[in-house]
Amino acid sequence: MKRLLPVLILIFLGLSSVEATIYCPSKTTAYKNSIVFVGRITDLGNDSLAKVWFEYGETKSKLRKTRYLLKNQTGIYCLQIKNLQPCRNYYYRAAIANKVGNSYGELKEIKTPCY
């Protein structure tokens, strides 16, 4: 039987500063020096465990990875990144991997406030 890649729907959110948060906001939100990224897993691709993370950066070609989270069910997850520069545009996308391979969400852009 052919294994399916995990399906990932992105709901990017933002909060303030920590790397993993317990409470996930409703959408990706940027703060002066941080962003809370939020994603949604809709399918684990017939696997019992998936690894999720976000990729982000100031250019589309040089994205850094956040730390990984292991998830065994569908639903929302989020990670907060600190120590970002204010008044900057950041590109980001969600990512998920299982035994079959990696899947990436749409590349989006968000700006940290300038205050």
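Each value, and the rule that gives it
Residues numbered from 1 in each chain as written. Predicted model: local features only at pLDDT ≥ 70, side-chain atom pairs only at ≥ 80, totals over all residues. Heavy atoms only, no water. Disulfide = S-S within 2.5 Å. Helix = DSSP H or I, 4+ residues; strand = E, 2+ residues; numbered from the N terminus. Salt bridge = Lys/Arg side-chain N within 4 Å of Asp/Glu carboxyl O. Buried < 20%, exposed > 50% of the residue type's maximum accessible area, 1.4 Å probe, protein only.

J.: Give a description of the state of the cysteines that names residues and reports values.
T.: Within this structure, the stated rule accounts for two disulfides. A sulfur-sulfur separation of 2.2 Å characterises the disulfide bridge that pairs Cys 24 with Cys 78. Because the torsion about its S-S bond is -90°, the bridge between Cys 24 and Cys 78 counts as left-handed. On the criterion of sequence distance, the pair formed by Cys 24 in the loop between strand E1 (7-10) and strand E2 (29-30) and Cys 78 in strand E7 (residues 75-81) is long-range, its members being 54 residues apart. Covalent S-S linkage joins Cys 87 and Cys 114, the inter-sulfur distance amounting to 2.0 Å. Between Cys 87 and Cys 114 the disulfide shows an S-S torsion of about 70°. By sign, it is right-handed. With Cys 87 in the loop between E7 and strand E8 (89-97) and Cys 114 in the segment after strand E10 (108-111), the pair connects residues that are 27 residues apart, well separated along the chain. The cystine pairing of the chain, numbering bonded cysteines in sequence order, is 1-2, 3-4.

J.: I'd like a description of the pattern of salt bridges, backed by residues and values.
T.: Counting across every chain of the model gives two salt bridges. Glu 55 serves as the salt-bridge partner of Arg 93, at 2.8 Å between the closest nitrogen and oxygen. Of this pair, Arg 93 sits in strand E8 while Glu 55 sits in strand E4 (residues 50-57), and the two are 38 residues apart along the sequence. Its relative accessible area of 23% is what places Arg 93 among the partly exposed residues. Between Arg 88 and Glu 58 there is a salt bridge, with its nearest N and O atoms 3.4 Å apart. Of this pair, Arg 88 sits in the loop between E7 and E8 while Glu 58 sits in the loop between E4 and strand E5 (64-65), and the two are 30 residues apart along the sequence. The exposure class of Arg 88 is partly exposed, given its relative accessible area of 33%.

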